[in-house]
Amino acid sequence: IHMGSIIYKSEKEVVIRDSAQGGREVKLPMNQVRRMKPMPSLMPAGLVDQLNTRQEFLDLAKFVSLLGRPGPYANDESPVIRKWRVSSTAEDEGTPAYSLVNGELPLADLPDGTTVYARGFVNVQVPGPVKLLINDSTGLSLKVDGRAVTNLSAPLQLNAGRRTLTFHIDRSKRTTKGLRVELAPASGSKARFMPEGGI
């Protein structure tokens, strides 16, 4: 049994973000799925028992009550890269970092140093040209699966599979702005993709 939210579904497979495995994405062949049943809540069982104080409980209740409403906790369903691995060198695997609700990876979450790296991951189900909508390309260079991209505003041809987008960030040129990267199919493209998210 897997519990989670469906992030991609076709006649051949379904991909869910499994809440019991800390938000890990799990791919299941449809010929092995016996039944799918909607669940009332994706909140992990026993979460409230892990809270230490009444104030933590009140904070959680307030946060849940505000989810989806206009304001700072509004749902943003944009295909934004939310899960990153950040490092000081290109060779280092890095440590996990996550975008805020608005999709921006804060500069404060990057390692110290003038130049740093942020890797995001995109699962491409149907290949095709994809545009990157970057909040600000100042001080950025990009490699996709290790190959340099010369024009950040031009559509990228993404092949099927898990793609790695590695941004080289010159912090001295970005002032206080973090990094927000949204993906969109290029004009006329049939590309289908899902940026990785979760824990």
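Structure's up top.
Computed from a predicted model, the values in this text were never measured in an experiment.

Conventions we followed
Residues numbered from 1 in each chain as written. Predicted model: local features only at pLDDT ≥ 70, side-chain atom pairs only at ≥ 80, totals over all residues. Heavy atoms only, no water. Salt bridge = Lys/Arg side-chain N within 4 Å of Asp/Glu carboxyl O. Buried < 20%, exposed > 50% of the residue type's maximum accessible area, 1.4 Å probe, protein only. Helix = DSSP H or I, 4+ residues; strand = E, 2+ residues; numbered from the N terminus. Pairing = 2+ DSSP bridges. Phe/Tyr/Trp six-rings, centres within 6.5 Å; stacked < 30°, edge-to-face > 60°. Lys NZ or Arg CZ within 6 Å of the ring centre and 35° of its normal. Axes fitted to C-alpha atoms, helices over the stretch in contact; angles between N-to-C directions.

Student: Just checking my understanding: could you explain the pattern of salt bridges for this structure?
Tutor: Scanning the entire structure with this criterion turns up six salt bridges. One salt bridge connects Glu-93 with Arg-85, and the closest N-O pair in it is separated by 3.6 Å. Among the salt bridges present, the one from Lys-173 reaches Asp-170, with a minimum N-O distance of 3.9 Å.

Student: Looking at this model, I keep getting lost on the pairing of strand E13 (residues 192-195). Mind explaining?
Tutor: A regular strand places its side chains on the two faces of the sheet in alternate fashion. Covered by surrounding structure in E13 are Phe-193 and Pro-195 only, the residues Arg-192 and Met-194 on the alternate face being uncovered. Taken together, the four bridges between strand E6 (residues 115-126) and E13 define a ladder with antiparallel strand orientation. Bridge assignment links Val-124 to a residue of E13, and that residue is Phe-193.

Student: For this particular structure, what's the right way to read the packing of aromatic side chains?
Tutor: Geometry of an aromatic ring pair is reported as the spacing of the ring centres plus the angle between the planes. Applying the stated criterion across every chain, the model contains one aromatic pair. Pairing Trp-84 with Phe-167 gives two aromatic rings, centres 6.0 Å apart and planes at 65°, and the pair type is edge-to-face. Of this pair, Trp-84 sits in strand E4 (residues 83-87) while Phe-167 sits in strand E11 (residues 161-170), and the two are 83 residues apart along the sequence. In terms of burial, Trp-84 and Phe-167 fall into one category: buried. Geometry around Phe-121 places Arg-162 over its ring, the cationic atom sitting 4.1 Å from the centre.

Student: Teacher, can you tell me more about the sheet that holds strand E10 (residues 156-158) here?
Tutor: With respect to topology, three strands assemble into an open sheet ordered E10-E7-E12, the strand pairing being antiparallel. Looking at strand neighbours, the two that pair on one side only are E10 and strand E12 (181-185), the edges of this open sheet. Taken pair by pair, the neighbouring strands of this sheet meet at an average axis angle of 45°, ignoring direction. Direction of pairing for strand E7 (residues 128-134) relative to E10: antiparallel, over a ladder of three bridges. Looking at the pairing, Pro-129 lines up with Gln-157 of E10.

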